[in-house]
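# Architecture at a glance
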Amino acid sequence: MQSLIPTLVSLINSAAVIVVIAYFLTRSPLFNRVLEKTMTRQDQLLMVLVFGLFSIYGTLAGFPILGGIASIRDLGPTVAGLLAGPLVGLGAGLIGGIHRYLQGGFTAVACGLAPVVGGVAGGIVYFLKRDRFLGVGRAVGLMIGVELVHMAMALFISKPWEQAVAIVEGTIIPIVTANALGIGVYGFIMTNLLKERALEKAKHTMEGELSVAREIQMSLVPKTFPPLPARDEFSLFATLEPAREVGGDLYDFYFVGDNRFFFMIGDVSGKGVPAALFMAVSRTVMKAKMQPGDVALGSIVSDVNQTLCEGNDASMFVTAFCGFLDIETGDVTYVNAGHNPPVIVKADGQASYLKVTANVPLGVLGDKTFSEEKLRLERGDTLVLYTDGVTEATNRQKDFFTEALLLHVLAGTNRIAVRGVVEKTIAAVHQFAAGSDPADDITLLALRMEPLIRQKQLS
């Protein structure tokens, strides 16, 4: 037993060196082509030489015993066959086998044939498992099988038989253990590498799909300013910045009749793809419920809420503020469904929050009836809608942007166009956040009743 320990330690050291070198090989461009099954003849030749040299190193680093050499020379060709097929495994095995044969000794023939057997065996498994690496356990089992065949050939080919038996008895445990350990470690590296590549591929696929989803989502919200058809009585600008690739904020606007202009902003619960899907559904349902004529907004929103509650197994909801603007009078009929109160910037620049009924979000209570409220936008007044991604934006100290700071930013914006109002607010939020990752989507919509003097200038 004591004689086995130094032999085993020597063989494990040799296997460790080969595994380390092989690990660096897995990070090379050549190995990419190996995994992608796009090797050229030059690549195959290089693999033969590399793993053939591994086999030679295994012999040179072996442990002389009873006229033979206990080594891990079979490891290199077996791995070569597993990675690149029988031709590469055979080539590496021939290099290692011929070198061992030239070392001489009564086991030269058997030990020279063993690397060839290992390379071919690995190559056969390569074809049987072409689509994937066979795994750590099976790789270890294959290596043990190769070494047992090696020992059998030593017993039946080598003479004198008694000395062959002595060598087999003295080396079978360390040789099998070291080779199995070596291919086991390498198999572990391979398995993790393949998982890493699969995750990377899935990541790229997901990123591509999310990029397309973002484009689709952004195409859902209108981006034509001024709204079509363009009117002089009012101006509007809006923007949406998802915190992730896709988000759950939304805004929308369109004419319902000649002088009745609908506008809304919303914030879906949650983040990512589920929120984006619910956002798209909410917008679509709202638009589908719109009818020409003087249909009450409260009735429309109640109907939308009922539809969103039906089959809402995920229990998602959307806060929303929506309204009808009479572009001739400035009268606004609005419904607030659990959303942040808008800011009114008066014609003189004073900013204040609109007092609204809180209500519950859409998609929560199916039998909820939403009532309307009214306000009048005088000439020069601006109504600013926003989502909580604005007021709840945080900096690196985890401080909130706050409603008070929003009022401070918006005060005096009566002197700039609505696009400037939105852009100034977004810039203030980004400056406050100071490079910290956004916690929520940021959406703003500014609607202004234009002064008569501007209409005269435009005419």
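Residues numbered from 1 in each chain as written. Predicted model: local features only at pLDDT ≥ 70, side-chain atom pairs only at ≥ 80, totals over all residues. Heavy atoms only, no water.

## Side note on the overall build of the protein chain
Quick note on the threshold: Numbering of helices and strands starts at the N terminus; helices are DSSP runs of H or I of at least 4 residues and strands are runs of E of at least 2. Relative accessibility under 20% of the residue-type maximum defines a buried residue, over 50% an exposed one, and the middle range a partly exposed one, all with a 1.4 Å probe and only protein chains included. Should any heavy atoms of two residues lie within 4.5 Å, those residues are considered in contact. Calculation of accessible area relied on Shrake-Rupley with a 1.4 Å probe; when residues are assessed, cover is drawn exclusively from the protein chains displayed.
Along the backbone of the protein chain there are 14 helices and 12 strands. Among the 459 residues that make up the protein chain, the fraction classed as buried is 51%. Expressed as a percentage of contacts within the protein chain between residues at least 6 apart in sequence, the contacts between residues at least 24 apart total 75%. Summed over all atoms, the accessible surface of the protein chain reaches about 21300 Å², with 61% contributed by carbon and sulfur.

## Focus: the sheet that holds strand β10 (residues 373-376)
Keep this limit in mind: At least two DSSP bridges between two strands are required for those strands to pair. Axis angles are defined between N-to-C directions and span 0 to 180 degrees, where every axis is a line fitted to C-alpha atoms and, for a helix, only to the segment in contact.
Here 5 strands make up an open sheet; going across it, the order is β4-β5-β6-β7-β10 and the pairing antiparallel. Both outer strands of the open sheet, β4 (249-255) and β10, are each paired with one neighbouring strand and no more. Direction aside, the axes of adjacent strands within the sheet are offset by 20° on average. When strand β6 (residues 318-326) meets strand β7 (residues 331-337), the two strands line up antiparallel, connected through 5 bridges. Bridge pairing links F324 to T333 in β7. The strands touched by helix α9 (residues 272-289) within the sheet are β4, β5 (260-268) and β6, with β4 carrying the most contacts at an inclination of about 20°. Lying on the sheet, helix α10 (residues 297-309) is in contact with β5, β6 and β7; it crosses β6 at an angle near 155°.

## Some thoughts on the packing of helix α3 (residues 41-60) against helix α5 (residues 86-102)
Put simply, the test is: Each crossing gets its hand from how the near helix is turned against the far one by less than a right angle, where anticlockwise is left-handed and clockwise is right-handed. Residues are sorted three ways: Asp, Glu, Lys and Arg are charged, Ala, Val, Leu, Ile, Met, Phe, Trp, Tyr, Cys and Pro are nonpolar, and all the rest, Gly among them, are polar.
Packing of α3 against α5 leaves a shortest axis separation of 8 Å and a crossing angle of 35°. Once α3 is placed against α5, the crossing between them reads as right-handed. Packed against α3, whose contacting residues are Q44, M47, V48, L49, F51, G52, S55, I56, T59 and L60, the element α5 presents L87, V88, G91, A92, I95, G96, H99 and R100 at the interface. Class assignment of the residues belonging to the contact of α3 with α5 gives a composition of 10 nonpolar, 7 polar and 1 charged.

## Structural notes on the packing of helix α6 (residues 108-128) against helix α7 (residues 136-157)
To be explicit about the condition: Throughout, the term roughly parallel applies to angles under 35 degrees, roughly antiparallel to angles over 145, roughly perpendicular to angles from 65 to 115, and oblique to all others.
Packing of α6 against α7 brings their axes to within 9 Å, and their N-to-C directions diverge by 150°. Relative to α7, the element α6 lies roughly antiparallel. As α6 runs across α7, the sense of the crossing is right-handed. Of α7, the residues touching α6 (which contributes V109, A110, C111, L113, A114, V117, G118, A121, G122 and V125) are L142, V146, V149, H150, M153, A154 and I157.

## Quick look at the sheet that holds strand β3 (residues 234-241)
Read across the sheet, 5 strands follow the order β3-β12-β11-β8-β9 without closing on themselves; strand pairing throughout is antiparallel. Of all strands in the sheet, those with a lone pairing partner are β3 and β9 (351-353), marking the two edges. For this sheet, the mean inter-axis angle between neighbouring strands, taken without regard to orientation, is 15°. In the sheet, strand β8 (residues 343-345) pairs with strand β11 (residues 382-386) via 3 bridges, with the strands oriented antiparallel. Within the sheet, the bridge partner assigned to I344 lies in β11 and is L383.

## Re the side chain of N305
Along the chain, N305 falls in helix α10. Accessibility expressed as a relative area gives 0% for N305, which makes it buried. For N305, the residues in contact, after removing those within four places along its chain, are P361, L362, G363, V364, L365, G366, K368 and F370.

## Looking at the pattern of salt bridges
Spelled out, the test is: Any carboxyl oxygen of Asp or Glu that lies within 4 Å of a side-chain nitrogen of Lys or Arg is treated as forming a salt bridge with it.
Across all of its chains, the model carries 7 salt bridges by this definition. Measuring nitrogen to oxygen at the nearest pair gives 3.4 Å for the salt bridge that ties E233 to R231. By relative accessible area, which is 15% here, E233 ends up buried. On the basis of relative accessibility, which here comes to 24%, the residue R231 falls in the partly exposed class. A salt bridge links D331 to R376; the nearest nitrogen and oxygen atoms lie 2.7 Å apart. Of this pair, D331 sits in strand β7 while R376 sits in strand β10, and the two are 45 residues apart along the sequence.

## Some thoughts on α3
The condition that has to hold: Given the number of residues in a helix, its expected span is that number minus one, multiplied by 1.5 Å.
In this model α3 runs 28 Å from its N-terminal to its C-terminal C-alpha over 20 residues, within 8% of the 28 Å that 1.5 Å per residue would give. All of the buried residues in α3 are D43, M47, V48, F51, G52, F54, S55, I56, G58 and T59.

## A few points about the confidence of the model for the protein chain
The following threshold applies: Each residue carries a pLDDT value, the predictor's own confidence for that position, ranging from 0 to 100.
Taken over all residues, the pLDDT of the protein chain has a mean of 85, while the share at 70 or more is 89%. Long-range and interchain partners of residues 455-459, a stretch whose pLDDT sits below 50, account for 5 contacts in this model, where long-range means more than four residues apart.

## Description of a nonpolar patch on the surface
What counts here: For patch building, the residue pool is restricted to those with more than 30% relative accessible area and no salt bridge; the joining distance is 9 Å between like charges and 5 Å between nonpolar side chains (Val, Leu, Ile, Met, Phe, Trp, Tyr).
Taken together, the side chains of L90, L94, I98, Y101, L102, V109, L113, V120, I124, L128, F156 and I157 present a nonpolar region at the surface, about 1200 Å² in accessible area. With respect to the helices and strands, L113 occurs in helix α6.

## Concerning the packing of aromatic side chains
Given two aromatic rings, one states the distance between the centres and the angle between the planes to describe the pair. Heads up, the condition is: Only rings of Phe, Tyr and Trp enter the pairing, Trp through its six-membered ring, and a pair is recorded when the two centres are within 6.5 Å. The plane angle decides the type: under 30 degrees is stacked, over 60 is edge-to-face, the rest tilted.
Per the counting criterion, the structure on display carries 14 aromatic pairs. Arranged with centres 6.1 Å apart and planes meeting at 35°, the rings of F253 and F261 form a pair that is tilted. You can call F253 buried: its relative accessible area is 7%. Clustering of aromatic rings is evident, with ring pairs tying together F225, F234, F237, Y251, F253, F255 and F261.

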